[in-house]
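# A closer look at the structure
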Protein chains: 4
Amino acid sequence: MTTPADAELDAPVVSKATGRPLTKRGEATRRRLLEAAEQVFAEQGYHEASIVKITERAGIGLGTFYLYFDSKQAVFEALVIDLNKRVRHSMSEAMIGAASRLEAERAGFAGFFRFTAAHPALYRVVREAEFVSPETLHLHYTRIVEGYEEGLRAAQQVGDVDRRLDPTVTAWALMGMGELIGMRFLLWERDADGVPPEELDAHVFDAMMRFIDNALAPRGGMEGPTDA
Amino acid sequence: MTTPADAELDAPVVSKATGRPLTKRGEATRRRLLEAAEQVFAEQGYHEASIVKITERAGIGLGTFYLYFDSKQAVFEALVIDLNKRVRHSMSEAMIGAASRLEAERAGFAGFFRFTAAHPALYRVVREAEFVSPETLHLHYTRIVEGYEEGLRAAQQVGDVDRRLDPTVTAWALMGMGELIGMRFLLWERDADGVPPEELDAHVFDAMMRFIDNALAPRGGMEGPTDA
Amino acid sequence: MTTPADAELDAPVVSKATGRPLTKRGEATRRRLLEAAEQVFAEQGYHEASIVKITERAGIGLGTFYLYFDSKQAVFEALVIDLNKRVRHSMSEAMIGAASRLEAERAGFAGFFRFTAAHPALYRVVREAEFVSPETLHLHYTRIVEGYEEGLRAAQQVGDVDRRLDPTVTAWALMGMGELIGMRFLLWERDADGVPPEELDAHVFDAMMRFIDNALAPRGGMEGPTDA
Amino acid sequence: MTTPADAELDAPVVSKATGRPLTKRGEATRRRLLEAAEQVFAEQGYHEASIVKITERAGIGLGTFYLYFDSKQAVFEALVIDLNKRVRHSMSEAMIGAASRLEAERAGFAGFFRFTAAHPALYRVVREAEFVSPETLHLHYTRIVEGYEEGLRAAQQVGDVDRRLDPTVTAWALMGMGELIGMRFLLWERDADGVPPEELDAHVFDAMMRFIDNALAPRGGMEGPTDA
DNA sequence: AATGAATGAGAATTCATTCAT
DNA sequence: GATGAATGAATTCTCATTCAT
């Protein structure tokens with residue numbers, strides 16, 4: 001799972017008012033706003049959130065917000081982009097040093113769930129993008145899927161993954177599984193005291209992995225030469 | 001896939017103003033409102049939609065709305081419940097007369113996608129429930145999953161499905177797959193002229209089915225006694 | 001001075017929400033808003049005025065405003081149109097029964113000044129239209145000028161007004177005179193106690209009329225057959 | 001038409017920060033700001049204009065603005081004063097070497113229109129002063145009128161202008177005419193392609209001049225002793 | 001002298017909901 | 001049962017002005 005070039009993403013953020021670079025102080029303010037937005041969106045959702053709530057949380061004047069973002073939707077999008085980077089980072093971190101490609105997929109998934117478990121509300125933010133900024137969600141999913149696909153294709157090459165599977169469709173399928181399992185067993189799960197779990201229940205994780213193993217593993221004998 | 005008892009769901013709707021039953025005329029008005037809500041929510045999403053838009057579309061006075069629903073959120077929930085029934089109906093219809101349990105799963109999925117393809121925007125409405133009325137979405141998913149689980153369990157009994165799989169986790173995984181595949185290849189897909197597809201691309205459907213078959217099919221010999 | 005057909009102007013005002021006619025209650029509310037707007041715009045000017053100030057003055061809920069007008073600019077325009085009707089009415093009233101055309105012009109002017117004197121602040125509203133809604137001001141002036149022109153032309157026919165004058169240019173010139181004289185000697189004038197005059201100072205009016213008489217009166221002998 | 005003493009106007013501008021004179025560099029900055037303000041106010045009007053737009057246009061830091069002007073209104077006033085000087089200059093230039101006083105009036109008017117035609121938007125700025133800074137507009141008009149009055153009085157002395165006319169009222173009347181003719185035939189006029197005229201249409205100018213000639217010219221015989 | 005980040009009062013506008021008819 | 005006029009809390013966004021650097 002390789003992350004695509006994020007060249008343009010990492011371009012230095014520029015000031016809306018003046019020409020460009022954004023001073024050190026500006027940089028800090030922007031980050032505080034983004035962090036406040038992260039919390040507020042996560043806690044209250046996009047529509048319940050408001051610019052005032054965000055700036056108050058950031059301990060910053062209301063007007064200042066508009067020095068760094070064009071609109072509520074704009075911060076939201078910036079936030080999703082930011083989360084996307086972090087999720088993918090969490091995933092690739094987890095995959096480092098995996099023995100086999102299959103092993104790597106497994107680790108990648110674990111990374112994904114680890115992130116979701118650590119920031120359950122955040123992950124809700126990402127899904128809300130479907131209704132706030134579909135293009136941004138598209139981007140988010142696409143970037144993750146690209147990494148998956150590549151990994152799957154490589155694993156198929158070396159015979160670690162059933163060659164008859166379509167890497168793209170499979171990647172989306174895996175993604176969907178991860179999302180719903182995460183929603184059901186992380187976001188919705190509460191123990192007797194109403195406390196949410198800190199990580200995905202081991203049994204659930206194993207069960208899911210068995211499912212995935214089944215799905216991806218090369219089917220005995222009949223393949224290899226079979227499919228193009 | 002059996003639908004659970006919808007007893008309370010099918011109780012006769014009662015008038016908010018007077019005592020109970022809701023006259024024939026009232027029944028009609030309510031239905032028109034629900035249909036209008038369906039269209040408006042589908043086209044504009046929950047937050048863009050407004051009560052006036054709904055009553056206008058229904059050709060009904062604004063105030064009348066509150067004779068049938070307590071709030072905007074209330075119609076939304078009623079709508080989701082309604083859709084839930086229809087999706088499940090579409091699925092069980094499709095499964096009637098399936099030769100094997102595996103065959104039935106396949107058919108059920110096809111039914112699900114058929115519905116999503118036929119009402120892509122509607123299906124978006126369902127997902128939006130996550131942010132408007134989480135409990136309702138919970139209900140929606142749970143009901144569908146229950147059907148799945150039951151089917152999976154039965155198939156495991158007769159050896160049609162790998163006995164080592166956890167039926168609940170598997171059901172949620174399948175559901176997630178269906179959702180994301182639907183989103184990606186039905187909602188987002190456009191041909192050269194920007195026209196959305198009328199049904200899921202056959203290749204994609206087959207690819208997904210191969211994935212599912214792999215995942216569910218009993219693994220040669222080693223199971224049976226193994227698990228449980 | 002004939003007023004042009006105001007047919008479309010007097011069409012019944014329609015409700016923005018529902019189809020059309022505007023109920024009796026609605027009609028009353030709209031009128032109260034327009035009157036409040038008149039006062040507020042007159043006292044504070046367009047930019048100092050605010051919708052809240054207007055609705056408060058009207059003793060009406062803020063939201064109600066938007067049931068009758070699309071925006072602040074919209075009331076302003078409606079108000080100018082309204083004032084236009086009233087000024088022209090004041091002018092034509094004054095002209096009724098004038099002996100000669102020249103006499104009529106004189107009376108028309110008197111009517112104009114009478115209105116301006118009675119509503120000095122209002123007349124400021126009209127001029128502010130130049131910066132708020134130029135097209136509306138255009139309309140306002142054009143309608144008044146049309147009346148003038150017609151009168152001048154008729155007076156030229158019967159030899160009451162110098163035939164060499166261009167009626168259009170003359171009408172605009174007269175209008176400009178009236179405006180600035182009104183501004184200087186009605187709006188700006190204050191007595192020792194800072195009280196504005198209730199009507200145009202007689203001397204000023206006479207002086208202006210002598211100027212106008214000079215300008216319009218047929219020049220001895222050399223004309224008549226000369227022109228046209 | 002003599003310009004009144006502009007003594008206080010031409011006093012050296014002083015720095016707000018330090019003691020007084022304003023360095024050469026400061027002088028330049030101030031001038032750039034004033035020029036930028038001229039453009040921005042002319043293009044967008046007072047309320048649409050903003051300090052940032054002005055400083056950007058001037059290529060100067062936002063904060064710097066307040067080193068030279070106390071407020072938005074202050075620049076506006078400074079600008080109107082500046083324009084006043086230029087208009088009067090344009091007028092007196094035009095009048096140099098006029099044969100008779102009547103001839104001079106004509107030339108003065110031509111100068112006024114020449115200026116308005118050359119800077120139509122600017123002239124709109126002057127009129128907007130009525131709503132932004134009435135006293136400044138008062139000053140502007142008064143200064144121009146003073147010049148007129150003086151000229152008229154002198155012309156009356158030598159019998160070039162009807163002695164029965166009140167010079168003050170006449171001066172305001174002429175001013176009003178000029179304004180509205182300018183607005184109508186310079187600011188509003190567009191040719192087929194929407195291009196505004198570069199100067200007042202000759203026919204319109206002549207028509208207006210005939211009107212003025214009529215108004216000012218001594219009435220045969222009956223005057224002189226008549227009035228006063 | 002110059003700068004631009006920060007501020008917050010204030011403005012327009014929307015819309016779910018109520019209630020008198 | 002049906003209606004639609006009225007409401008005001010709440011939201012987003014603008015911009016003149018200040019002040020630390």
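Criteria and cut-off values
- Residues numbered from 1 in each chain as written.
- Chains lettered and ligands numbered in written order.
- Predicted model: local features only at pLDDT ≥ 70, side-chain atom pairs only at ≥ 80, totals over all residues.
- Heavy atoms only, no water.
- Least-squares fit on C-alpha atoms with pLDDT ≥ 70 in both.
- Contact = heavy atoms within 4.5 Å.
- UniProt positions renumbered as here; feature names shortened; annotations may be inferred.
- Helix = DSSP H or I, 4+ residues; strand = E, 2+ residues; numbered from the N terminus.
- Axes fitted to C-alpha atoms, helices over the stretch in contact; angles between N-to-C directions.
- Parallel < 35°, antiparallel > 145°, perpendicular 65-115°, else oblique.
- Left-handed = near helix turned anticlockwise from the far one by under 90°.
- Nonpolar A, V, L, I, M, F, W, Y, C, P; charged D, E, K, R; others polar.
- Near = heavy atom within 4 Å.
- Polar contact = N/O pair within 3.5 Å; in protein donor to acceptor, adjacent residues only side chain to side chain.
- Domains from an automatic or database assignment.
- Buried area = accessible area lost by both parts, 1.4 Å probe.
- Salt bridge = Lys/Arg side-chain N within 4 Å of Asp/Glu carboxyl O.

## Observations regarding the relation of the copies chain B and chain A
Each copy superposes on the other: chain B lies on chain A with an RMSD of 0.2 Å after a rotation of 180 degrees and an axial shift of 0.1 Å. Such a turn and shift between the copies fits a two-fold axis. An overlap of 100% is found between the interface residues of chain B and their copies at the interface of chain A, pointing to a shared contact surface.

## Quick look at the UniProt feature "DNA-binding region" (unreviewed entry) in chain A
The UniProt entry lists residues 50–69 of chain A under the feature "DNA-binding region" (unreviewed entry), expressed in the numbering used here. Segment residues 50–69 of chain A splits into 75% helix and 0% strand. End C-alpha atoms: 13 Å apart.

## Comments concerning the packing of helix α1 (residues 24–48) of chain C against helix α2 (residues 51–58) of chain C
Residue and element names in this part refer to chain C. At a closest axis distance of 8 Å, the pairing of α1 and α2 adopts a crossing angle of 140 degrees. Judged on the interaxial angle alone, α2 and α1 are oblique. Between α1 and α2 lies a crossing of right-handed hand. The residues of α2 that touch α1, namely those facing Arg32, Leu33, Ala36, Ala37, Gln39, Val40, Phe41, Glu43, Gln44 and Glu48, are Lys53, Ile54, Thr55, Arg57 and Ala58. Here the residues of the contact of α1 with α2 sort into seven nonpolar, three polar and five charged.

## A few points about the protein's contact with DNA strand E
Taken together, 37 residues sit near DNA strand E, with A:Thr29, A:Gly61, A:Tyr68, D:Gly61 and D:Tyr68 positioned nearest. Near the protein, meaning within 4 Å, the atoms of DNA strand E are sugar or phosphate in a fraction of 65%, with bases accounting for the rest. One nitrogen or oxygen atom from the main chain of A:Gly61 is found 2.6 Å from a phosphate oxygen belonging to DNA strand E. Within the residue set of the surface near DNA strand E, elements represented by two or more residues are α1 (24–48) and α3 (62–68) of chain A, α3 (62–68) of chain C together with α1 (24–48) and α3 (65–68) of chain D. Take the surface near DNA strand E: its biggest share by element is five residues, from α3(A). Within the surface near DNA strand E, the residues separate by chemical class into 15 nonpolar, 18 polar and four charged.

## Considerations on the packing of helix α4 (residues 72–95) of chain C against helix α7 (residues 134–157) of chain C
Residues and elements named next belong to chain C. Between α4 and α7, the shortest axis-to-axis distance is 9 Å and the interhelical angle comes to 15 degrees. With respect to α7, the element α4 is oriented roughly parallel. Viewed along their axes, α4 and α7 form a crossing whose handedness is right-handed. In this structure, α4 contributes Glu77, Val80, Ile81, Asn84, Val87, Arg88 and Met91 to the contact, and α7 contributes Thr136, Leu139, His140, Arg143, Ile144 and Tyr148. For the contact of α4 with α7, the class distribution of residues is seven nonpolar, three polar and three charged.

## Quick word on the protein's contact with DNA strand F
Inspection of the region around DNA strand F gives 38 residues, with B:Thr23, B:Tyr68, C:Thr29, C:Gly61 and C:Tyr68 positioned closest. Counted by atom, the contact set of DNA strand F within 4 Å of the protein is 65% sugar and phosphate. Between A:Lys72 and DNA strand F, the recorded distance is 3.2 Å, taken from a side-chain N or O atom to a phosphate oxygen. Looking at the surface near DNA strand F, the elements that each hand over two or more residues are α2 (51–58) and α3 of chain A, α1 (24–48) and α3 (65–68) of chain B together with α1 and α3 of chain C. Of the residues forming the surface near DNA strand F, the biggest block, five residues, is contributed by α3(C). Residue classes in the surface near DNA strand F are distributed as 17 nonpolar, 17 polar and four charged.

## Concerning the domain arrangement of chain A
Residues and elements named next belong to chain A. Partitioning chain A into domains gives domain 1 (13–70) and domain 2 (73–220). The straight-line distance from the C-alpha centre of domain 1 to that of domain 2 is 29 Å. Listed per partner, the contact involves 14 residues of domain 1 and 14 residues of domain 2. Here domain 1 meets domain 2 over a buried area of about 1200 Å², counting both sides, of which 69% is carbon and sulfur. The tally of links from domain 1 across to domain 2 stands at two salt bridges. Taken together, the links from domain 1 to domain 2 amount to four residue pairs in polar contact (both at pLDDT 80 or more). In terms of residue count, the dominant contributor to the side of domain 1 that touches domain 2 is α1 (eleven residues). In terms of residue class, the side of domain 1 that touches domain 2 is made up of seven nonpolar, three polar and four charged.

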